[in-house]
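Fold and contact review
Below, each chain spelled out in residue letters.
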Amino acid sequence: MASDERHTPFLTSLIAGGLAGTSVDVALFPIDTLKTRLQSPHGFLAAGGFRGVYRGVVAAAAGSAPGAALFFGTYEAAKPKVANYQRELRGEEAGEGDGSSSSYSPALTHMTAASIGEAAACLVRVPTEVIKSKMQTNAAGSSTLASTVRLVLAERDGRAFASGWLGGLYRGYGVTLMREVPFAFIQFPLYERFKVEWGKLQGCDASPLQAAACGSVAGGIAAAVTTPLDVVKTRLMLGSDKLGTPYHGARDVVERVVKEEGGAALLSGIQPRVMWISIGGFVFFGAYESYRSILMSGHPS
């Protein structure tokens, strides 16, 4: 065989990923809103407290399907290619060995493929996050989706990609990658490994429900470890502190947050983040594996 990684047709992973992403983002949106408000420099109550926890859900729904579809389409396509490349790089023919030799590292395959997938998904995810964060924290001028989009497009931020044309839509792209890549480095090798070990214990592949449990645990661990990066991302996307003073990059955010609010502020929102991603991981991976199984049932192996 070409590699030890399962093959999922690109269109199948696109559809399954898109459906799974929409399912989890819409279902768990209120928890994400509370997490974002806890991380706001204005404070939880000033950012909206428990009021209007579905503000921005339309933006999230619009971005979740294509973002998740791009991620899984890229991730599933990249896994067998990365696995084969590892063997070729070490002078072996693709398909030789049992996958347990020193020439092949499943963890490296999953980390690399997930990183490539995140870079692609963030092209959709970042504009969605920027607009959603503005609406969730009740920023001035963000009363409706249309007004928030106009507000963001009118921003001229030299730190954002192509701000002359796209305004602040891609503000925070770099720091989002800085959060998502380490997150994927932790989550996906754990997720894939948990599924393998569970399959070995029972003598057959993990079911969608069992895969959901694996995704939940892996996501919760990754969420806790990467919370400081998530705080930095949120502050950069909001653009300024509670006094309206703009942030100038990730380092500036960290220095000012630690100086003005204390180091513990870098863990703001860790409880809802871990809860949201743990529950979300269960729903997301369970939905993905279920949709994939349904779509693959009529596909020749």
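Everything that follows concerns the structure shown earlier in this document.
Now for a look at the structure at hand. Quantities reported herein were computed from a predicted structural model and do not represent experimental measurements.

1. Concerning the packing of aromatic side chains
The relation between two aromatic rings is expressed through the spacing of the ring centres and the mutual angle of the planes. Counted by the stated rule, this structure contains 15 aromatic pairs. Seen from their ring centres, Phe 71 and Tyr 75 are 5.5 Å apart, and the 15 degrees between their planes marks the pair as stacked. Taken together, the residues Phe 71 and Tyr 75, both in helix 3 (residues 57-89) and four residues apart, mark about one turn of the helix. Across the pair, Tyr 75 and Phe 71 agree in class, each one buried. Grouped by ring-pair contacts, the aromatic residues Phe 71, Phe 72, Tyr 75, Phe 188, Tyr 191, Phe 284, Phe 285 and Tyr 288 constitute a single cluster.

2. A look at the side chain of Lys 79
Looking at the secondary structure, you find Lys 79 in helix 3. A distance of 3.4 Å separates the side chain of Lys 79 from the side chain of Glu 76, its partner in a polar contact.

3. Digging into helix 7 (residues 173-202)
With 30 residues, helix 7 should reach 44 Å at 1.5 Å per residue; the first-to-last C-alpha distance of 42 Å fits that figure. The largest bend in helix 7 is about 25 degrees, located at Ala 184. Two residues or fewer past helix 7, Gly 203 is found with a positive phi of approximately 80 degrees.

4. A word on the packing of helix 3 against helix 4 (residues 106-136)
Viewed as axis vectors pointing N to C, helix 3 and helix 4 meet at an angle of 165 degrees, and their least axial separation amounts to 6 Å. In this view, helix 3 runs roughly antiparallel relative to helix 4, as classed from their interaxial angle. For the pair helix 3 and helix 4, the sense of crossing is right-handed. Of the residues in the contact of helix 3 with helix 4, the class split is 17 nonpolar, nine polar and three charged.

What counts and how
- Residues numbered from 1 in each chain as written.
- Predicted model: local features only at pLDDT ≥ 70, side-chain atom pairs only at ≥ 80, totals over all residues.
- Heavy atoms only, no water.
- Phe/Tyr/Trp six-rings, centres within 6.5 Å; stacked < 30°, edge-to-face > 60°.
- Helix = DSSP H or I, 4+ residues; strand = E, 2+ residues; numbered from the N terminus.
- Buried < 20%, exposed > 50% of the residue type's maximum accessible area, 1.4 Å probe, protein only.
- Polar contact = N/O pair within 3.5 Å; in protein donor to acceptor, adjacent residues only side chain to side chain.
- Expected span 1.5 Å × (residues − 1).
- Bend = angle between axes of the 7 residues up to and from the residue.
- Axes fitted to C-alpha atoms, helices over the stretch in contact; angles between N-to-C directions.
- Parallel < 35°, antiparallel > 145°, perpendicular 65-115°, else oblique.
- Left-handed = near helix turned anticlockwise from the far one by under 90°.
- Nonpolar A, V, L, I, M, F, W, Y, C, P; charged D, E, K, R; others polar.

Nothing here speaks to function; it is geometry throughout.
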